Amino acid sequence: CIVLLKSIGNRYGKDPVQVALRWALQRGVIVIPKSENPSRIVSNADIFDFSLTEEEMSSICALDRGKRLGPHPDNFFMG
C-alpha cells in the first residue's frame, strides 16, 4: 500500500498522505485530516495542484481488502 502511494507521490512531488487525500477528494469523499503540527496542516491542504489519473485511481482502489483499519463507528466510545 505505502509503496504504491509513495510511487504515485514521487510523480507529483507529493507524499503518500497527500496522494491518499487527493484520491479521497477525487472520489467525492469528504475528508477532515487531523493534525496539530503546523507543517502537516499545510501539507494536508496542498492537494489541489494535481489530479490522479484513472489508472492511479484504480490502482489505489484495488488495494481495498474489505477490512477495517480502525474501530467500528457503532462501537466507538469517547470517555
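About the thresholds
- Residues numbered from 1 in each chain as written.
- Predicted model: local features only at pLDDT ≥ 70, side-chain atom pairs only at ≥ 80, totals over all residues.
- Heavy atoms only, no water.
- Salt bridge = Lys/Arg side-chain N within 4 Å of Asp/Glu carboxyl O.
- Helix = DSSP H or I, 4+ residues; strand = E, 2+ residues; numbered from the N terminus.
- Contact = heavy atoms within 4.5 Å.
- Core = buried A, V, L, I, M, F, W, Y, C linked by side-chain atoms within 4.5 Å.
- Buried < 20%, exposed > 50% of the residue type's maximum accessible area, 1.4 Å probe, protein only.
- Phe/Tyr/Trp six-rings, centres within 6.5 Å; stacked < 30°, edge-to-face > 60°.
- Lys NZ or Arg CZ within 6 Å of the ring centre and 35° of its normal.
- Axes fitted to C-alpha atoms, helices over the stretch in contact; angles between N-to-C directions.
- Parallel < 35°, antiparallel > 145°, perpendicular 65-115°, else oblique.
- Nonpolar A, V, L, I, M, F, W, Y, C, P; charged D, E, K, R; others polar.

Visitor: Now, about the pattern of salt bridges: what can you tell me, with residues and values included?
Guide: Going through the model one piece at a time under the given rule, you end up with 4 salt bridges. Residue Asp46 pairs with Lys14 through a salt bridge whose shortest N-O separation is 3.1 Å. With Asp46 in the loop between helix 3 (38-45) and helix 4 (54-61) and Lys14 in the loop between helix 1 (2-12) and helix 2 (16-26), this pair connects stretches of sequence that are 32 residues apart. Ionic pairing is found between Asp15 and Arg40, a salt bridge with its closest N-O pair at 3.1 Å. Of the two residues, Asp15 is situated in the loop between helix 1 and helix 2 and Arg40 in helix 3; the sequence distance between them amounts to 25 residues.

Visitor: So, the side chain of Ser43: which residues are in play, and what are the values?
Guide: Position of Ser43 relative to the elements: it lies in helix 3. Setting aside residues no more than four positions away along its own chain, Ser43 makes contact with Asp15 and Gln18.

Visitor: Before we move on, can you summarise the nonpolar core with the specific residues and values?
Guide: Leu5, Ile8, Val19, Leu21, Ile47, Phe50, Leu52, Met57 and Ile60 form the largest nonpolar core, which has 9 residues in total. At the level of secondary structure, the elements contributing two or more residues to this core comprise helix 1, helix 2 and helix 4. Once residues lying within four places of it in the same chain are set aside, the contact partners of Met57 are Trp23, Gln26, Arg27 and Leu52.

Visitor: Break down the packing of aromatic side chains for me, with residues and values.
Guide: For the structure shown, the criterion picks out 1 aromatic pair. Pairing Tyr12 with Phe50 gives two aromatic rings, centres 5.1 Å apart and planes at 35°, and the pair type is tilted. Of this pair, Tyr12 sits in helix 1 while Phe50 sits in the loop between helix 3 and helix 4, and the two are 38 residues apart along the sequence. Taking NZ or CZ as reference, Arg22 lies 6.0 Å from the ring centre of Phe50, over its face.

Visitor: So what's going on with the packing of helix 2 against helix 4? Residues and values would help.
Guide: Packing of helix 2 against helix 4 brings their axes to within 11 Å, and their N-to-C directions diverge by 105°. Taken together, helix 2 and helix 4 sit at an angle that is classed as roughly perpendicular. Of helix 4, the residues touching helix 2 (which contributes Val19, Trp23 and Gln26) are Met57, Ile60 and Cys61. When the residues that make up the contact of helix 2 with helix 4 are grouped by side-chain class, the tally is 5 nonpolar, 1 polar and no charged.

Visitor: Can you lay out the environment of Ala45 for me, pointing to particular residues and giving the numbers?
Guide: Tracing the backbone shows Ala45 in helix 3. Remark: the alpha-carbon pair of Ala45 and Val3, spanning 42 residues in sequence, is separated by 22 Å.

Take it as geometry only, folks, not as evidence of what the structure does.
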